[in-house]
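Each chain, letter by letter, is given below.
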Amino acid sequence: MDEQALLGLNPNADSNFRQRALAYFEQLKISPDAWQVCAEALAQRTYSDDHIKFFCFQVLEHQVKYKYSELTTAQQQLIRETLISWLQAQMLNHQPEKTFIRNKAAQVFALLFVTEYLTKWPKFFFDILSVVDLNPRGVDLYLRILMAIDSELVDRDVVHTSEEARRNTLIKDTMREQCIPNLVESWYQILQNYQYTNSEVTCQCLEVVGAYVSWIDLSLIANDRFINMLLGHMSIEVLREEACDCLFEIVNKGMDPVDKMKLVESLCQVLQTAGFFSIDQEEDVDFLARFSKLVNGMGQSLIVSWTKLIKNGDIKNAQEALQAIETKVALMLQLLIHEDDDISSNIIGFCYDYLHILKQLTVLSDQQKTNVEAIMLAVMKKLTYDEEYNFENEGEDEAMFVEYRKQLKLLLDRLAQVSPELLLASVRRVFSSTLQNWQTTRFMEVEVAIRLLYMLAEALPVSHGAHFSGDVSKASALQDMMRTLVTSGVSSYQHTSVTLEFFETVVRYEKFFTVEPQHIPYVLMAFLDHRGLRHSSAKVRSRTAYLFSRFVKSLNKQMNPFIEDILNRIQDLLALSPPENGYQSLLSSDDQLFIYETAGVLIVNSEYPAERKQALMRNLLTPLMEKFKILLEKLMMAQDEERQASLADCLNHAVGFASRTSKAFSNKQTVKQCGCSEVYLDCLQTFLPALSCPLQKDILRSGVRTFLHRMIICLEEEVLPFIPSASEHMLKDCEAKDLQEFIPLINQITAKFKIQVSPFLQQMFMPLLHAIFEVLRRPAEENDQSAALEKQMLRRSYFAFLQTVTGSGMSEVIANQGAENVEQVLFTIIQGAVDYPDPIAQKTCFIILSKLVELWGGKDGPVGFADFVYKHIVPACFLAPLKQTFDLADAQTVLALSECAVTLKTIHLKRGPECVQYLQQEYLPSLQVAPEIIQEFCQALQQPDAKVFKNYLKVFFQRAKP
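Residues numbered from 1 in each chain as written. Predicted model: local features only at pLDDT ≥ 70, side-chain atom pairs only at ≥ 80, totals over all residues. Heavy atoms only, no water.

Chemist: Got a sec to walk through the nonpolar core? Specific residues and values, please.
Modeler: Formed by 345 residues in total, the largest nonpolar core has its most connected members in Met175, Trp187, Phe291 and Phe878. Excluding residues that lie within four positions of it along the chain, Trp187 makes contacts with Tyr142, Leu146, Cys205, Val208, Val209, Tyr212, Ile216, Ile221 and Phe226. (Core = buried A, V, L, I, M, F, W, Y, C linked by side-chain atoms within 4.5 Å. Buried < 20%, exposed > 50% of the residue type's maximum accessible area, 1.4 Å probe, protein only. Contact = heavy atoms within 4.5 Å.)

Encoded structure:
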């Protein structure tokens, strides 16, 4: 062995040594006999360094896993002997090997087992047991090997090939026949021998039993001697958690419903007698969490049995199963209400399924009704935050509680399905009593009371939030609670969680304000003052900005009396905060977007005449334009890159805010009807000069481009005069990403205005193409993945542009570019269809080719196009699918093939018998296609139903490919 390289295995070695060790490992992996050196080193205990021993096992592992079949019978025998002699040596060692070495050794044993057990080493387990006997070190390794074998055979997380899956099934079948009873006997002996003296080995053995029980005969484990021993372990502190998990696996095993019921009931009886059901006496929460999981498993198993028995019509046993379930409910409730959330969380599955049973029963007994109420109270109590919850800096514990709350919400929804009236009455009771005295109540109780009202909206579903019409008693109960919420003054409670819950609930039940609009001013004030948008907490301000925009949008009909007042009050929140004044604005720029959108909605949906709307919109947007001009001048002069970036950000926000206000317009309320065109055209004129700014052009262009997209929708043809100069600026010194983002803008204009923009398109067509080709031709590093991806995306965008032009009936834009340019464009489409293994682009190329054939492929098409069809388009339809990279199992590729079929059908449609003749007599024979297949192909092509030909073409290429 290269001793120098081995030094690099130590985790503290310097990077040069580590590199050398890695290189040495790679070298040993490919060397045909290096594994023998490692095997010898292990068998003769040449090295005492742990990292070298681990390294030797890694080399052996690689040999067994990837190169075992290349070894001679004698070499395979050598590996078996090496492992057994290493195992024997472990019995005599003063100190056991480190855990990571034992685990790696177990993995190598397991790999060898799955490779050899069915053929060369059927006595694998007997050989190992004869070496280890009951020696504690040997037993430890034997149990680790069993766990490694289990994970090789049944671990759901490991992806196996179908060949491996078949092999694993065969191994398990053979083990069940030949050695499982002996293995089970060995486990029993280990447990009996070590249960009081070696807790580590005992726990390992319990883990093995739990793992194997899922696929061996249950009667070998679920019998008196085993179960009694496990129940004994439940009373030994160091063993009881593992014993609990082991019992859980036994209970979880699939079996006959009546047998399962008997097994669970006998287990429960013993556990109850032993005092395990007295939860309040138990202080060890880790054990209780495992016990809760066990009770959950028992409860869910009984429910599965009940479901199967009902399905089979076995009413008598189903009744017994239900009785058994009912007797566990008291215990379930104790666990559900436990102050430790892990214990509570582990029982939720049983609770949820129990409610599902009650939902299916036509009549509930008094006891069942009491149970439902008890679950409801438990959920309400457990939803409550505890004192430790950190609202300002939420970490892992807080995230776990949020997840746990989601589980409780599912229970609440299920409760609503079982008894909506009871849920409504319980929530109302809690809500009313809490809000009556909210000033003297702790924040978590106030929060949960409002939260419950919020949750009712989803638990008691209605269509389109119509909670305040229909069922009178429900509507009036919700109305009462909402009235209390907005009139009680609870929005002034000094805790962020209560404040946020207030606003969330107000927005969730916005329909309440159409029934009682007199409360709107009060809620608006809450949004606008220190309780909402001016709250001391940034988190509250941010969320309120979003909720405020939703509130105003949903109630826009009721907003008219308050519009000017709101616009005045939010004036300071609209200010564009420039980077230099150090002033920390109340809202982030993302939050301000919502405020601008809200302002837009208020103006556009108001009942004011167009002149008033225009004036208000101008008031809203003029400050942005003025600020924009000043900041752009400052940017042009800025030297420092950091300052340039912050100015560009600020300019981008200004454009973004103006864009956002335009979201308020709709088909019913267009920019024109509101008299606002002029204001937005002014904005355009203000923002477009940013395109020629040489600094920070990425961020500036992206903002202005987005604004243009919006204006094309809002201003329609009024935007057209601005497009040519904007395009010219955006095409100057651009990168792949710029072009990729610019093309959708041109596509949008082309698809929307069609013939109106034909002169503009004709003019900028070749400049755009030259810019694209120039970027695509740039050399890139061979392994530069991101550059390759950018080029692929640009190619897709280019073809999407051609598709838009041809699909919008504008093929003359291409035709008028001069013969040489037209030819160049056509060849790029053929190239895209055939040469690049990108099915998305290929599909687009075939769509373009079909369209061009449809437009130009007739007798009166452009001179030479018919020739091009036969020389290039027809071959492309065959060469593309014949490529190795054209994968017919891939969904995107199948779509590309489908468009290829459409292209061939279109050629046949336009050229008629001439096309068939060309395929029959010239093209297909040149590909060496057999005459009978040619005949079959041409018949399929001439079928009137296009689908028939599409299906045929797929089969044709599947046969043609090697």
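Chemist: Which residues make up the UniProt feature "domain: Importin N-terminal" (unreviewed entry) in the chain, and what are the values?
Modeler: UniProt feature "domain: Importin N-terminal" (unreviewed entry): in the numbering of this structure it lies at residues 21-89. Helix makes up 78% of residues 21-89 and strand makes up 0%, while its end C-alpha atoms are separated by 27 Å. (UniProt positions renumbered as here; feature names shortened; annotations may be inferred. Helix = DSSP H or I, 4+ residues; strand = E, 2+ residues; numbered from the N terminus.)

Chemist: So, the packing of helix 32 (residues 697-715) against helix 33 (residues 723-730): which residues are in play, and what are the values?
Modeler: For the pair helix 32 and helix 33, interaxial distance at closest approach is 12 Å and the crossing angle is 155°. For the element pair helix 32 / helix 33, the angle class is roughly antiparallel. In this structure, the crossing between helix 32 and helix 33 has a hand that is left-handed. In this structure, helix 32 uses Arg701, Arg705 and Leu708 to contact helix 33, whose residues at the interface are Ile723, Ala726, His729 and Met730. Its residues assigned to classes, the contact of helix 32 with helix 33 shows four nonpolar, one polar and two charged. (Axes fitted to C-alpha atoms, helices over the stretch in contact; angles between N-to-C directions. Parallel < 35°, antiparallel > 145°, perpendicular 65-115°, else oblique. Left-handed = near helix turned anticlockwise from the far one by under 90°. Nonpolar A, V, L, I, M, F, W, Y, C, P; charged D, E, K, R; others polar.)

Chemist: Can you lay out the pattern of salt bridges for me, pointing to particular residues and giving the numbers?
Modeler: Taken as a whole, this structure holds 49 salt bridges when the rule is applied. The residue Lys53 makes a salt bridge to Glu97 at a minimum N-O spacing of 3.0 Å. Here Lys53, found in helix 4 (residues 50-66), pairs with Glu97, found in the loop between helix 5 (73-92) and helix 6 (99-116); they are 44 residues apart in sequence, far enough to count as distant. The burial state of Lys53 is the same as that of Glu97; both residues are buried. Close ionic contact of Asp245 with Arg290 constitutes a salt bridge, the shortest N to O distance being 2.5 Å. With a gap of 45 residues between them, Asp245 in helix 13 (residues 240-252) and Arg290 in helix 15 (residues 285-311) connect regions that are remote in the sequence. The partly exposed category is assigned to Arg290, whose relative accessible area is 27%. (Salt bridge = Lys/Arg side-chain N within 4 Å of Asp/Glu carboxyl O.)

Chemist: I'd like a description of the packing of aromatic side chains, backed by residues and values.
Modeler: Any two aromatic rings considered together are summarised by their centre-to-centre distance and by the angle between their planes. Counted under the stated rule, the structure contains 53 aromatic pairs. Both rings, one in Phe527 and one in Phe551, keep their centres 5.3 Å apart while their planes meet at 40°; by these two values the pair is tilted. Taken together, the residues span a long stretch of sequence, with Phe527 in helix 25 (residues 520-528) and Phe551 in helix 26 (residues 538-554) at a distance of 24 residues. Assessed through its relative accessible area of 0%, Phe527 is described here as buried. Ring plane angle 70° and centroid distance 5.4 Å describe the contact between Tyr546 and Phe594, whose orientation is recorded as edge-to-face. Of this pair, Tyr546 sits in helix 26 while Phe594 sits in helix 28 (residues 589-604), and the two are 48 residues apart along the sequence. Overall, Tyr546 belongs to the partly exposed group, its relative accessible area being 25%. Following the ring pairs from residue to residue traces out a cluster consisting of Phe468, Phe502, Phe503, Tyr509, Phe512, Phe513, Phe527, Phe548 and Phe551. Over the face of the ring belonging to Tyr608 we find Arg612, whose NZ or CZ atom lies 5.9 Å from the ring centre. (Phe/Tyr/Trp six-rings, centres within 6.5 Å; stacked < 30°, edge-to-face > 60°. Lys NZ or Arg CZ within 6 Å of the ring centre and 35° of its normal.)

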